[in-house]
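Residue-level listing of the chains:
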Amino acid sequence: MRVIAGSARRLRLKTPEGMGTRPTTDRIKETLFNILQPFVEGCVFVDLFCGSGGIGIEALSRGARRAFFVEYDRKAAAMLRENLEFTKLDGKATILQQDIFPALSRIQETADIVFMDPPYDVGLEKQVLERLRHEPYVTDETIVIVEAALGTDFSWTQETGFTVTREKRYKTNKHVFLRRSGDENGNLSGEL
């Protein structure tokens, strides 16, 4: 796994052995950031279930102002710290090494982009979105992206206060882009 573009371009990142953290492949990461590029410069990026930090580090490398990384696993968090130091992006990062739900209330800056890659087929997407709906740092302008297995159903998103604005499918997984639901007429503040 490497950084695709920006200040840390081409630098290789460490990842834990095994598939416990399931790092996003370089090709999928490049496609994701081609979509997000207009929104990354100067943004506050939140990387939930971040593993060794490949997505959030890519955002910082491409000009994000700040990134919050949430990872419970001790080994993955240790590699995240090493990767941030190696890329010299650690000064722009806040690491929350704890369970996802207490960590969600510790983010103190308005988020422009929230990315989450929870374990597949466990149902955490819905639980996290239900919490994010009430967090003050998630606004109508915040872009939320969920990486999920291809077969994951997102028909329930309206119940959590979010609307799917885009879906990008790959061979084995997909990215689902969401925004907080609009007013009573269903109007969104912006589309992605």
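Asks: Could you give an account of the pairing of strand S5 (residues 143–149), with specific residues and numbers?
Replies: S5 sits mainly inside the fold: seven of its seven residues count as buried. Pairing analysis gives four bridges linking strand S4 (residues 113–116) to S5, with the strands arranged parallel. Note that in S5 the partner of Met116 across the bridge is Val146. In this view, the connection linking S4 to its parallel neighbour S5 by way of helix H5 (residues 124–132) has right-handed handedness.

Asks: How would you sum up helix H1 (residues 26–40)? Please name residues and give values.
Replies: Taking 1.5 Å per residue, 15 residues should reach 21 Å; H1 reaches only 18 Å between its end C-alpha atoms and comes up short. Every buried residue belonging to H1 is among Ile28, Lys29, Leu32, Phe33, Ile35, Leu36 and Val40, and all of these are buried. Tucked inside the fold, the buried residues of H1 contact strand S1 (44–48), helix H2 (54–61), S4, S5, strand S6 (162–169) and strand S7 (173–180). Backbone geometry just downstream of H1 places Gly42 in the positive-phi region, at approximately 75°.

Asks: Explain the sheet that holds S6 to me, using residue names and the numbers behind them.
Replies: The strands making up a sheet associate through backbone hydrogen bonding, with each pair oriented either parallel or antiparallel. The mixed open sheet is built from seven strands, whose spatial order is S3-S2-S1-S4-S5-S7-S6. Two strands in the sheet have a free side with no partner beyond their single neighbour: strand S3 (93–96) and S6. Neighbouring strand axes in the sheet, compared pairwise and without regard to direction, differ in orientation by 20° on average. Bridge count for S1 against S4 is four bridges, and the pairing is parallel. By the bridge assignment for S4, Phe45 is matched with Ile113.

About the criteria used
- Residues numbered from 1 in each chain as written.
- Predicted model: local features only at pLDDT ≥ 70, side-chain atom pairs only at ≥ 80, totals over all residues.
- Heavy atoms only, no water.
- Buried < 20%, exposed > 50% of the residue type's maximum accessible area, 1.4 Å probe, protein only.
- Helix = DSSP H or I, 4+ residues; strand = E, 2+ residues; numbered from the N terminus.
- Pairing = 2+ DSSP bridges.
- Right-handed = clockwise from strand over helix to strand, strands pointing away.
- Expected span 1.5 Å × (residues − 1).
- Contact = heavy atoms within 4.5 Å.
- Axes fitted to C-alpha atoms, helices over the stretch in contact; angles between N-to-C directions.

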